[in-house]
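Next come the chains, spelled out residue by residue.
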Amino acid sequence: MSVDTLLKGKVVLVTGAGGGIGAHIARLAASRGAQVVVNDLGGSPHGDGADQRPAQTVVHEIRTAGGEAVPSFHSVASWDGAQAIVQDAIDAFGRIDVVVNNAGVLRDTMFHKMSAEDWEVVEAVNLSGSFYVARAAAPHFKQQESGCFVHMTSTSGLIGNLGQVNYGAAKLGVAGLSKCIAIDMEKFNVRSNCIAPFAFTRMVGTIPADTEYNRKRLDVVKRMTPDKIAPFAVGLMSDAAKDVSGQIFGVRMNEIILFSQPRPIRTVHAGDEGWTPETCIERALPALRGSMYKLDRSPHVFTWDPV
Ligand SMILES: NC(=O)c1ccc[n+]([C@@H]2O[C@H](COP(=O)([O-])OP(=O)(O)OC[C@H]3O[C@@H](n4cnc5c(N)ncnc54)[C@H](O)[C@@H]3O)[C@@H](O)[C@H]2O)c1
């Protein structure tokens, strides 16, 4: 890894960077001259336990390759943890320029069997964690009038998927969080974008292969590697992308996707008389029905394999 200058002078914090997609982003950012904070709690893919070794290993790899990095072991899933993570960046490098909200956990189960804990753990890390860490960095970004957020969303929320009510809700929430941060902080030159990655990691390995649908889905994802997400994430961090904000991208191997964002596609208006339940049934629903979406899941939309 030779260290070049694309991100020279920038301090990049990557949460959940002890493995998977985040570790690749951390290593690539460091190779492009960034000073990197490698945050990882080191828990299980379901959100249990803690272990400092994953973050330490990635820091060691970056330093061995000639880059600069420090570990951070706090959880993103609390206000105080997130404040401590951003403070780790300030203590080590004196500033913060980029936050990659990448930490995530998965607890797949059908909605009618989902426990309150399955819901709360997944929202706490994926959605609240993204808010807490972004919010902890926001005063620094505002004060220095620059900053960049990259948040990991998912087609499980943007499109929908089986057995992922908790995760889908969190990841669609992340897309809303990102867009509204982009609007609120535009005047401070702060940018906020999302990436929906596709890659086989230990997290995806927890999806139960108990149905034909999941087996087929896993067979395809198994061929997609997490290193492929990092180049676009690092490109977004650079000043060359300073006009890019409020967008939702996808990365599948060598394919980069720009996603649509919801807009009205058809409307009906009742005039001054307004609607009654009966006229909604007689006129509004028939007028809209032809434009309604099928119950598509992510693999129904991504029907071809980029590998
Ligand atoms: N792999 C995919 O196909 C895919 C698809 C869509 C979205 N994503 C998202 O991409 C991101 C990276 O996932 P991945 O596939 O590399 O999985 P991964 O399990 O390899 O990485 C997630 C990392 O987050 C860390 N983490 C979990 N809870 C944490 C906490 N509270 N505080 C700090 N760190 C914590 C874990 O220890 C782990 O190292 C996640 O947000 C995930 O939801 C992945």
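Residues numbered from 1 in each chain as written. Predicted model: local features only at pLDDT ≥ 70, side-chain atom pairs only at ≥ 80, totals over all residues. Heavy atoms only, no water.

Caption draft 1: Structural view of the site of the ligand. If you check the shell around the ligand, you find 30 residues, and the closest are D40, N102, Y167, A199 and T201. Contact distances for the ligand include 3.5 Å between an oxygen atom and a backbone N or O atom of G104. Interatomic distance of 2.9 Å between a side-chain N/O atom of K171 and an oxygen atom of the ligand. Look at the ligand: alone it shows 820 Å² of surface, and the protein chains cover 95% of it. (Near = heavy atom within 4 Å. Polar contact = N/O pair within 3.5 Å; in protein donor to acceptor, adjacent residues only side chain to side chain. Areas by Shrake-Rupley, 256 points an atom, 1.4 Å probe, with all protein chains shown as cover.)

Caption draft 2: Just the packing of helix α4 (residues 116–144) against helix α6 (residues 165–184), in detail. At their nearest, the axes of α4 and α6 sit 8 Å apart, and the two run at 15 degrees to each other. It follows that α4 is roughly parallel to α6 by the angle criterion. Note that α4 runs across α6; the crossing there is right-handed. Two secondary-structure elements touch here, α4 through D118, W119, V122, E123, N126, L127, S130, F131 and A134 and α6 through V165, N166, Y167, A169, A170, K171, G173, V174, L177 and I181. Residues belonging to the contact of α4 with α6 are distributed by class as follows: twelve nonpolar, four polar and three charged. (Axes fitted to C-alpha atoms, helices over the stretch in contact; angles between N-to-C directions. Helix = DSSP H or I, 4+ residues; strand = E, 2+ residues; numbered from the N terminus. Parallel < 35°, antiparallel > 145°, perpendicular 65-115°, else oblique. Left-handed = near helix turned anticlockwise from the far one by under 90°. Contact = heavy atoms within 4.5 Å. Nonpolar A, V, L, I, M, F, W, Y, C, P; charged D, E, K, R; others polar.)

Caption draft 3: Layout of the domain arrangement of the protein. Segmenting the protein into domains produces domain 1 (11–258) and domain 2 (271–301). Put simply, the middle of domain 1 and the middle of domain 2, counted by C-alpha atoms, are 36 Å apart. Taken together, the contacts link eight residues of domain 1 with six residues of domain 2. In total, domain 1 and domain 2 occlude about 530 Å² of area from one another, counting both sides; carbon and sulfur atoms represent 62% of this. Ranking the residues of domain 1 by area buried against domain 2 places I159, L162 and Y213 at the top, with a combined share of 69%. The tally of links from domain 1 across to domain 2 stands at zero salt bridges. Counting the contacts that link domain 1 with domain 2 gives two residue pairs in polar contact (both at pLDDT 80 or more). Partitioned by chemical class, the residues of the side of domain 1 that touches domain 2 number four nonpolar, three polar and one charged. (Domains from an automatic or database assignment. Buried area = accessible area lost by both parts, 1.4 Å probe. Salt bridge = Lys/Arg side-chain N within 4 Å of Asp/Glu carboxyl O.)

Caption draft 4: Expanded view of the packing of helix α3 (residues 79–93) against α4. In contact at an axis separation of 8 Å, α3 and α4 are set at 45 degrees when each is read in the N-to-C sense. Classified by the angle between their axes, α3 and α4 sit oblique to one another. Along this stretch, α3 crosses α4, giving a crossing that reads as right-handed. Together, W79, A82, Q83, V86 and I90 of α3 and F131, Y132, V133, R135, A136, A137 and H140 of α4 make up the contact between the two elements. For the contact of α3 with α4, the residue count by class is nine nonpolar, two polar and one charged.

Caption draft 5: Highlighting the pattern of salt bridges. If you walk through the whole model with that rule in mind, you get twelve salt bridges. A salt bridge links D118 to R107, with the shortest nitrogen-to-oxygen separation between them at 3.3 Å. Here the residue D118 occupies a position in helix α4, and R107 occupies one in the loop between β4 (98–101) and α4, the gap between them amounting to eleven residues. Residue class for D118 comes out buried when judged on its relative accessible area of 16%. By relative accessible area, R107 is classed as buried at 10%. With its nearest N and O atoms 4.0 Å apart, the salt bridge here joins E273 to R283. Of the two residues, E273 is situated in the loop between β8 (255–258) and α9 (277–289) and R283 in helix α9; the sequence distance between them amounts to ten residues. By relative accessible area, R283 is classed as partly exposed at 38%. (Buried < 20%, exposed > 50% of the residue type's maximum accessible area, 1.4 Å probe, protein only.)

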